[in-house]
Structures are given as structure tokens and as C-alpha cells.
Amino acid sequence: MNITGHDLILACSAIGAGLAVIAGIGPGVGQGYAAGAAAAAVGRNPGAKGDITSTMLLGQAVAETTGLYGLLIAFLLLFVQPLT
Amino acid sequence: MAHMMAVSHLLATSSENVDFMVHGLLKYRLFGQDLWITTTHVSILIVMLLLIIFFIVVHRKMKKKDPNEVPGGFQNVVELIVEMVDGLVSANMGKNAKKFANYIGTIFIFILISNISGLFGIRPPTADYGVTLPLALITFVMIHYNDIKHNRSGAFTSLLEPIPLFLPINLIGEVAVPISMSLRLFSNILSGTVMMALVYGLLPIFVKIGIPAFLHIYFDLFAGAIQTYVFCMLTMVYINDKLSDE
């Protein structure tokens, strides 16, 4: 079986895409920490549940961004294939 | 071998059925450039027509209403939407709410309908970077227009704080705002679109009954609503940050 340079680049792009989505670890930890802190805050002050929830969602969405960058790189490597 | 092929064909369709890309529909030349009318243009037109028809109907119905009457069914729904937007804006912007409620309400309704339009079988317009980048650039222009209008020269000297050495870092911080806002909206909706395309394109037929409904609720409704809320919220927070009197 002959492996051309194009095949090699495709295979390496797939590996690179897999490595890029490891970025999902960070947002996972961050969002979990934010949700835990919000749960503790609701436990202390159940009256402020609405405010706490909206603040938590905003913070989690901002924390999610770095993971989405990794996902975007993976999509680019797999479907746009800029290196070939 | 042929038997094996038939079985594998029944269980999993090939990756050629996966389709979530933007397609060009119509090519034309303008100023020496090849340009395309894409599926994004079509789906954004569908969303816009839907909204325009809805607003014309609302306008017609509300014009005839007597303000002293008890509101009926349709009026209640419209008032609910307006009150929700007004409440959201005034909770975040305080005394500046009146100036920005119109804009925030407009982008809120547009992005929300765009995000959940995956439910109606069209490709969401916000899953195209050419839609989310202009939305974020409008926010960027609004931030700095209000900054200069409100702070005058303070808008420029604030770039030199705390010491003039921080100028490049402050500039990068300002430019990163529209990029991160547009990429956040874009990649959230794109990942939902890709997931749904993979589910519909790769899974065997008996998995496709009923199960995609839950995925649609999560990827289209939940993620779409959250991202709409976050986009409007960040716009308000950034603008209000520039309008505050220290």
C-alpha cells in the first residue's frame, strides 16, 4: 500500500483534530466549578436564585469559549483541510 | 463478503450522507470577484420574512386596539415579549435602558429565531461566520461610538491606563471583544448543526426515530436560547461599562 503525501497530511490532520478537542477539559472543569459555586450560593440564599442562575450562565458561556476554539480548530482540520 | 456489505449498509449509512456545509446556489460576478448566493442567504431570508410578516401583523392588530380595553390573547403574547425585553435591558443597563431597548430587542429576536431555525429543517444562518461577525462588529461600533460620545477624550486616554506601556495590551483587549463574541455564537451553533448532521447522516434508521427530538431540544432550543441571551447580555455589559461615570 502506497501512502502519498496527501494521505499522510489527512491522517495527521485527523490526529491533530483529536488533540485539539482535548481543549474541552478546561471548560468542563471551569463550568463544573461555576455550577458548584452557584449551587452553594443558592443553598445560602435561596431568594436570589434567579440572579445567581443568570450570572452563572453568563460566566459559563464565557468560560466555554476557549473550548469552542479547540473545537473550531478540529472542524477546520477535518473539513476545510487547510494543510492539503 | 457481499452479505457483510449489505448488513453494514443497513446499519450505518456512509459518510457521504453527512452534509452540514454552506452550499453555493447561484454564482455572479461583481467588481471582478466571483460571488455566490449561498444557502445562508436563503435561510436568512426565510427568517427575515417570518419576522417581517409577524411584525406587520402585530402592527396592524395593535393600531386598532383601544388602550382602555382589557387585552386579549394575541396582545398578551406581544406584551409579554416586549415586557421581557424591557425587563432584561433595564435590569442590566439601569438608566440607559431606554436608548438601547430597541436594538437589544431586535438582535435578541433575530438571533433567537436564527438559532432555533434548525428545528424547521433549514440551516441556521448563525452557523455561518459571515452572519455572526457583522453582528459582533455592530456591537463593537456601538461600544466605541458610545464611549467617545460619553467620555470624549477619556475614551482614548483610558487606553494608556494604568501606564502608557499597556497600550498594545489594551488595544488587543478591545479588538478581542468582537472576535470572541462572534466566534462564541458561531461555533456553538455550528457544533449543534454538525452534531445533528452526524446523527441524521451516520446512525442506522432505528436510532433516528424519536431520539433526535431530545438532541434537537438540547442543541437547537437550549444552546440557541443560552447563546442568544449571552450575546445580548455581553453587548449590554460592554456598552454599559463605557457609559458608567466611574
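Residues numbered from 1 in each chain as written. Chains lettered and ligands numbered in written order. Predicted model: local features only at pLDDT ≥ 70, side-chain atom pairs only at ≥ 80, totals over all residues. Heavy atoms only, no water.

J.: Would you mind showing me how to read the overall build of chain B here?
T.: Along the backbone of chain B there are eight helices and two strands. Ordered by position from N to C terminus, the α and β elements of chain B give α-β-β-α-α-α-α-α-α-α. When the 246 residues of chain B are sorted by exposure, 38% land in the buried category. Taking as baseline every contact in chain B between residues at least 6 positions apart, the subset at least 24 positions apart corresponds to 68%. Chain B carries 16 positive and 16 negative side-chain charges, and their two centres are separated by 8 Å. (Helix = DSSP H or I, 4+ residues; strand = E, 2+ residues; numbered from the N terminus. Buried < 20%, exposed > 50% of the residue type's maximum accessible area, 1.4 Å probe, protein only. Contact = heavy atoms within 4.5 Å. Lys, Arg positive; Asp, Glu negative; His and termini not counted. Charge placed at Lys NZ, Arg CZ, Asp CG, Glu CD.)

J.: Even after reading the chapter, I still don't get the overall build of chain A, so can you show me in this structure?
T.: Along chain A, the regular secondary structure elements total three helices and zero strands. When the helices and strands of chain A are listed from N to C terminus, the series reads α-α-α. At 19 Å, chain A has a C-alpha radius of gyration far larger than the 12 Å of a compact globule built from 84 residues. For chain A, the spread of C-alpha atoms along the three principal axes comes to 65 × 20 × 15 Å. By residue count, 25% of the 84 residues in chain A fall in the buried class. In the form shown here, chain A has an accessible surface area of approximately 5,200 Å², with 71% of it arising from carbon and sulfur atoms. (Rg over C-alpha atoms; globule rule 2.2 N^0.38 Å. Areas by Shrake-Rupley, 256 points an atom, 1.4 Å probe, with all protein chains shown as cover.)

J.: So what exactly am I meant to see when it comes to the pairing of strand 1 (residues 24–30) of chain B here?
T.: In summary, the side chains of a regular strand alternate between the two faces of the sheet. Residue and element names in this part refer to chain B. Examined bridge by bridge, strand 1 and strand 2 (residues 33–38) share six bridges and lie antiparallel to one another. Within strand 2, the residue paired with L30 across the bridge is Q33. Hairpin geometry of strand 1 and strand 2 is characterised by an intervening segment of two residues between the two adjacent antiparallel strands and by a positive phi of about 50° at F31. (Pairing = 2+ DSSP bridges.)

J.: Help me understand the pattern of salt bridges in this model?
T.: Any two side chains of opposite charge can pair, on the condition that their charged atoms come close. Residues and elements named next belong to chain B. Applying the stated rule across the entire model yields four salt bridges over all chains. A salt bridge links R29 to D34; its shortest N-O distance comes to 2.9 Å. Judged by relative accessible area, which is 59%, R29 ranks as exposed. A salt bridge links D147 to K242; its shortest N-O distance comes to 3.8 Å. With D147 in helix 5 (residues 129–151) and K242 in helix 8 (residues 211–243), the pair connects residues that are 95 residues apart, well separated along the chain. For the residue pair D147 and K242, the accessibility class agrees, reading buried in each case. Within this structure, K27, R29 and D34 form a network of salt bridges that share partners. (Salt bridge = Lys/Arg side-chain N within 4 Å of Asp/Glu carboxyl O.)

J.: Help me understand unusual backbone geometry, please; the structure alone is not making it clear to me.
T.: Glycine aside, residues mostly have negative phi, and peptide bonds are mostly found in the trans state. Phi is positive for Q81(A), which is not a glycine, with a value near 50°. The phi dihedral of F31(B) is positive, around 50°, even though this residue is not glycine. Structurally, the position occupied by F31(B) is in the loop between strand 1 and strand 2. Accessibility expressed as a relative area gives 78% for F31(B), which makes it exposed.

J.: Honestly, the confidence of the model for chain B in this entry has me stumped. Any pointers?
T.: Residue and element names in this part refer to chain B. Across chain B, the average pLDDT comes to 85, with 92% of residues at or above 70. Least confident of the elements in chain B is helix 1 (residues 2–11), whose mean pLDDT is 45; most confident is helix 5, at 92. Low pLDDT, under 50, characterises residues 1–13; the predicted model gives this stretch eight contacts beyond four residues in sequence or across chains. Interface confidence in the predicted complex, given as ipTM, is 0.82; pTM for the same model is 0.85. (pLDDT = per-residue confidence, 0-100.)

J.: How should I be thinking about the packing of aromatic side chains in this particular structure?
T.: Ring pairs (aromatic) are described by centroid distance and by the angle formed between their planes. All names here are of chain B. Tallying each qualifying case throughout the model produces six aromatic pairs over all chains. Among the aromatic residues, those joined into a ring-pair cluster are F54, F55 and F74. The ring centre of F74 lies 5.4 Å from the NZ or CZ of K61, which sits over that ring. (Phe/Tyr/Trp six-rings, centres within 6.5 Å; stacked < 30°, edge-to-face > 60°. Lys NZ or Arg CZ within 6 Å of the ring centre and 35° of its normal.)

J.: Is there a simple way to think about the UniProt feature "domain: V-ATPase proteolipid subunit C-like" (unreviewed entry) in chain A in this case?
T.: Residues annotated by UniProt as "domain: V-ATPase proteolipid subunit C-like" (unreviewed entry) correspond here to residues 15–77 of chain A. Segment residues 15–77 of chain A splits into 87% helix and 0% strand. End C-alpha atoms: 9 Å apart. (UniProt positions renumbered as here; feature names shortened; annotations may be inferred.)

J.: What's the story with the interface of chain A and chain B in this structure? I'm lost.
T.: Quite often, the size of an interface is put as the accessible area lost when its parts meet. Each partner contributes residues to the interface: chain A has 13 residues there, and chain B has 17 residues. Between chain A and chain B we count two residue pairs in polar contact (both at pLDDT 80 or more) in total. When grouped by side-chain class, the residues that make up the side of chain A that touches chain B number 10 nonpolar, two polar and one charged. (Polar contact = N/O pair within 3.5 Å; in protein donor to acceptor, adjacent residues only side chain to side chain. Nonpolar A, V, L, I, M, F, W, Y, C, P; charged D, E, K, R; others polar.)

J.: I tried to follow the environment of A223(B) on my own but got confused; where do I start?
T.: Along the polypeptide, A223(B) turns up in helix 8. Using a relative accessible area of 14% as the deciding quantity, one classes A223(B) as buried.

J.: Help me understand the packing of helix 3 (residues 49–80) of chain A against helix 7 (residues 167–202) of chain B in this model?
T.: A pair of packed helices can be characterised by two numbers: the angle between their axes and the separation between those axes. Two elements in contact, helix 3 of chain A and helix 7 of chain B, have axes separated by 9 Å at closest approach and are oriented at 60°. The angle between helix 3 of chain A and helix 7 of chain B falls in the class oblique. Here the hand of the crossing between helix 3 of chain A and helix 7 of chain B comes out left-handed. Mapping the contact onto sequence places A61(A), V62(A), E64(A), T65(A), L68(A), Y69(A), L71(A), L72(A) and F75(A) in helix 3 of chain A and S180(B), L183(B), R184(B), F186(B), S187(B), N188(B), L190(B), S191(B) and V194(B) in helix 7 of chain B. Tallied by class, residues from the contact of helix 3 of chain A with helix 7 of chain B come to 11 nonpolar, five polar and two charged. (Axes fitted to C-alpha atoms, helices over the stretch in contact; angles between N-to-C directions. Parallel < 35°, antiparallel > 145°, perpendicular 65-115°, else oblique. Left-handed = near helix turned anticlockwise from the far one by under 90°.)

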